[in-house]
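Results of the structural survey
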Amino acid sequence: MNRKIILIPLLGLFLVGCDAGPFANDEYKPKGMTPTHKIVRALTAEEVAIFDDSTVIADDYLKSFTRSTEMRIYHKKALPSHTTSATYDERASSLQSHKIYENGVFKTELSVENERIYEGSILNAEMNLAYYGVVNDDETEITTTLDLHDQSGEHTIENSTDPFDPDTDYDYYFAINLSTPVWSLIGWCTIGMTDAGLIAATFVTNDVTPIGSAFVASDGSKFIVETNTFFEAYFAKGVDDETETEYYYLTQARSYEEELIISNEVPNIAAEPIEYLTRPILLAFEEDIINASTATNNNFAIDSIPAPVEEEE
Amino acid sequence: MRNSRLFNVLPLIVVLAGCSVTDFNPFQEDKYVPVGFQTESIVRALSDDEDDIFEAGITRIDDYITGLEERAEIRRYYSSYFGDYAPDGANDIDYSVSSLNIIKTYENNVKFATQTVSESVLNDYLDYTTEYVLKQWNYLPTPATYEVRRSMQVNDEEVEVVTFAEGAYVEADNYDNLFGYGAANYVISFEMGASAIGMNSSDEIIMLIRTSTYNVLNLARNGFVQVSNSFVNEIKLALYEPEDSDVPLYLPIQAREYIEQRAISEIYHTNEVINYLDTPIVIGFHEVINKWSSANNGDYDLEVIPEITEE
């Protein structure tokens, strides 16, 4: 009797452990297929007109953005009975930010962490960088500094000074351009207004592998896989200080794609029915979240930019 | 009968938590546990300097390799695992080979190898083990001639010594073949196929190749079984600072090749649905571990080389 009582807590620990992800310190939980806000009404004609006109100008008002990308592949964890030496789980995490300051400075940061776990092998790689640009008072030169910790663990700081023409070079160094990850997708979206007065743009897709092209595990067994994608973007209204033109700018966008195993092994005989799972198994996901802001970042403390490191003889 | 017993055991194996593969071994005295899928971990990429040293040093590797220890272990369990369904012919056996080959090159142009091999065969009507000891001397009887002399002993039989090869010796043409190890070519071909290259936590270069295939194994009695074949190759190179040069290089110190075959389904016949195993079972493997050496082996005592066995 006593022995049974001791066993129950141990069993509980084991079950929790089995459900844990394969990557140490990986606490990322994707938002998944659930939208952040609901669309509660259609746009008015005036809102549509402002939004349509915003497409080409809205990014010009942005002063900062962050973009996080989290990718997980669980080919080993999802199908433990079907692994080979080539089967792995993989994590790729990246965080990027870009800020434009009032005193002619930008700062871009990027950190990347990759991990791949085979049965018996772990491969790790990390890097991070900070990239600064400072335009001189005459707006004729820009000095850029790259502070890099590369994937080998080496730390280097290098800078260079190049000619700068505000008319032709500003976009290259400073501007935030969300045309590819956001604006190019708007045409696919359902668009409406949220309770909070944000324009929402969303779309959802669903695809299931046809039987003839089922997911093939590395041991050759086949499974039916469902692929779901979700995209949402929210836009707030802004007003141009000088022209008083109204526009909608991006505050947040999120894209998510997941692959779910929804069947047991596909039978080798065509006439045999496929057994579908009541609870799908997550095979992979990728989530990309962008946050943007028009708020000023004030002046950057130029003294805080690290000085180049002299190479050792 | 053996087959039936095995499948009775399978439900028990399934409940072994956290274990997705079961080892199976009919050779009762076999203590060898393969390293298998386990490899060194890569914790970072090579720096530019490390990469430059590695690439520039590859062609010099053979200048410093003076020895090799090669261990090979092969197991195949078709007879006891498949029982009456074991494939016909040479595959209808359990098979085990353990081989250790120790090779050294000496300062006085002698390369001496000792290979000990134990080969076992097991099924319902065969159960025997053969021991081999093969020794080989590559040496120069005169400065302008070479000879490859071999001695072979099988079990407790008398040792037989023969001249395996001989001919004119020209250092530029024959040295690598007679006294070298081909380690540079090994590293080059490994690098070309590597799926991962990086550094371990001890600042040694690790290269990995991990691949797999799958196929249907044709069995007796019109039976089939699904199998997967896993391949794991790893090589480790350490920084070496030679006494005769200020330019360091990375020398290979160990390489391992592992091939494993797993049964992933129950035996089935034409028009039967494949039942996949919750716990795949290892039915054969092949593991070879090479360890290179750069030690100075001094001179070899030529008097030790045995005389040719008389007819």
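These figures come from a predicted structure and were not determined experimentally.

Turning next to the overall build of chain B. Along chain B, the regular secondary structure elements total five helices and twelve strands. Seen along its three principal axes, the alpha-carbon backbone of chain B occupies a region of about 70 × 60 × 30 Å. Contacts in chain B between residues at least 24 apart in sequence constitute 64% of all its contacts with a sequence separation of at least 6.

Moving on to the overall build of chain A. Regarding its fold elements, chain A presents four helices and 14 strands. For a compact globule of 313 residues, the expected C-alpha radius of gyration is about 20 Å, and chain A comes in at 25 Å, more than 25% above that figure. When the backbone C-alpha atoms are referred to their principal axes, chain A occupies close to 80 × 65 × 50 Å. Summarising the internal contacts of chain A: among those between residues at least 6 apart in sequence, 65% fall at separations of at least 24.

A few words now on the sheet that holds strand 1 (residues 39-41) of chain A. All names here are of chain A. Strands sit in the order 1-8-9-12-13-14-2-3-4-5-6-7 across an open sheet of twelve strands; the sheet is antiparallel. Looking at which strands have only one partner, the edges of the open sheet turn out to be strand 1 and strand 7 (155-163). Across the sheet, the mean angle separating the axes of adjacent strands is 20° when strand polarity is ignored. By the bridge criterion, nine bridges tie strand 6 (residues 141-149) to strand 7 in an arrangement that is antiparallel. Bridging across to strand 7, Leu146 finds its partner in Glu158. Against the sheet, helix 2 (residues 45-54) makes contact with strand 8 (190-194), strand 9 (199-208), strand 12 (225-239) and strand 13 (246-263), and its axis sits at roughly 85° relative to strand 13, the strand it touches most.

Taken residue by residue, the interface counts 34 residues in chain B and 28 residues in chain A. Breaking the side of chain B that touches chain A down by element, the ones donating at least two residues are strand 7 (196-199), strand 8 (205-218), strand 9 (223-240) and strand 12 (276-293) of chain B. Classifying every residue of the side of chain B that touches chain A gives 17 nonpolar, 14 polar and three charged.

All names here are of chain A. One ladder, built from 14 bridges, connects strand 4 (residues 105-118) with strand 5 (residues 121-135); its direction is antiparallel. Bridge assignment links Glu109 to a residue of strand 5, and that residue is Ala130. As paired strands, strand 5 and strand 6 are joined by eight bridges and run antiparallel to one another. Within strand 6, the residue paired with Tyr132 across the bridge is Thr145. Where strand 5 hands over to strand 6, the hairpin turn is made up of five residues, of which Glu139 adopts a positive phi near 55°.

Further remarks concern the pairing of strand 1 (residues 67-77) of chain B. Residue and element names in this part refer to chain B. Where strand 1 and strand 2 (residues 94-106) come together, eleven bridges link them in antiparallel fashion. Paired with Glu69 across the two strands is Ile102, which belongs to strand 2. Both strand 1 and strand 12 contribute to a ladder of ten bridges, which runs antiparallel. Among the inter-strand pairings, Ile74 is bridged to a residue of strand 12, identified as His286.

With that settled, the discussion passes to helix 5 (residues 183-193) of chain B. All names here are of chain B. Those residues of helix 5 that fall on the buried side of the exposure criterion are Ala183, Val187 and Phe190. Buried residues of helix 5, viewed axially, fall in a sector of 65°; they line one side. For helix 5, the exposed residues lying more than 90 degrees away from the buried face are Ile188, Ser189, Met192 and Gly193. Those residues of helix 5 that are buried are in contact with strand 8, strand 9, strand 10 (249-265) and strand 12.

One finds B:Ile61, B:Ala183, B:Ile205, B:Met207, B:Ile235, B:Leu251 and B:Trp292 to be the most contacted residues of the largest nonpolar core, which totals 23 residues. Those elements giving two or more residues to this core turn out to be strand 5 of chain A together with helix 5, strand 8, strand 9 and strand 10 of chain B. Sequence-distant contacts of B:Ile61, defined by excluding residues within four places in its chain, comprise B:Ala183, B:Ala184, B:Val187, B:Leu249, B:Leu251 and B:Pro252. Among the nonpolar cores identified, the runner-up in size contains 22 residues, and A:Ala58, A:Leu62, A:Ala253 and A:Ala292 belong to it.

Moving on: the environment of A:Tyr88. Residues and elements named next belong to chain A. Looking at the element boundaries, Tyr88 is found in strand 3 (residues 88-100). Here the alpha-carbon distance between Tyr88 and Ser218, two residues 130 residues apart in the chain, equals 9.8 Å. Excluding its chain neighbours within four sequence positions, the residues that come into contact with Tyr88 are His75, Lys76, Arg116, Ile117 and Tyr118.

All right, on to the environment of A:Ile302 then. All names here are of chain A. Take Ile302: it is sitting in the segment after strand 14 (276-293). Using a count of 13 C-beta atoms within 10 Å as the deciding quantity, one classes Ile302 as partly exposed. Linking Ile302 and Ile122, residues 180 residues apart in sequence, is a C-alpha distance of 40 Å. Apart from residues no more than four positions distant in its own chain, Ile302 is found in contact with Val105 and Val134.

Residue and element names in this part refer to chain B. Within the secondary structure, Asn222 sits in the loop between strand 8 and strand 9. Take Asn222: there are 10 C-beta atoms within 10 Å of it, and that puts it in the exposed class. For Asn222 and Phe112, which are 110 residues apart along the polypeptide, the C-alpha to C-alpha distance reads 49 Å. Setting aside anything within four residues of it in sequence, one finds Asn222 in contact with His269 and Thr270.

So, about unusual backbone geometry. Residues and elements named next belong to chain B. Despite not being glycine, Asp203 shows a phi value in the positive range, around 60°. Structurally, Asp203 can be placed in the loop between strand 7 and strand 8. Despite not being glycine, Asn271 has its phi angle at roughly 70°, a positive value. With respect to the element layout, Asn271 can be found in the loop between strand 11 (268-269) and strand 12. The exposed category is assigned to Asn271, around which 8 C-beta atoms lie within 10 Å.

This brings us to the confidence of the model for chain A. Taken as a whole, chain A shows an average pLDDT of 91; of its residues, 92% reach a score of 70 or greater. Segment residues 1-19 of chain A is flagged for pLDDT under 50; beyond a separation of four residues in sequence, or across chains, it makes one contact in the model.

Per-residue confidence for chain B gives a mean pLDDT of 90, with 91% of residues at or over 70. Here the prediction assigns the complex a pTM of 0.86, and the interface score ipTM is 0.85.

Definitions and cut-offs
- Residues numbered from 1 in each chain as written.
- Chains lettered and ligands numbered in written order.
- Predicted model: local features only at pLDDT ≥ 70, side-chain atom pairs only at ≥ 80, totals over all residues.
- Helix = DSSP H or I, 4+ residues; strand = E, 2+ residues; numbered from the N terminus.
- Contact = placed C-beta atoms within 7 Å.
- Rg over C-alpha atoms; globule rule 2.2 N^0.38 Å.
- Pairing = 2+ DSSP bridges.
- Axes fitted to C-alpha atoms, helices over the stretch in contact; angles between N-to-C directions.
- Nonpolar A, V, L, I, M, F, W, Y, C, P; charged D, E, K, R; others polar.
- Buried ≥ 20, exposed ≤ 12 C-beta atoms within 10 Å, placed from the backbone.
- Arc of directions from axis to C-beta.
- Core = buried A, V, L, I, M, F, W, Y, C linked by C-beta atoms within 7 Å.
- pLDDT = per-residue confidence, 0-100.

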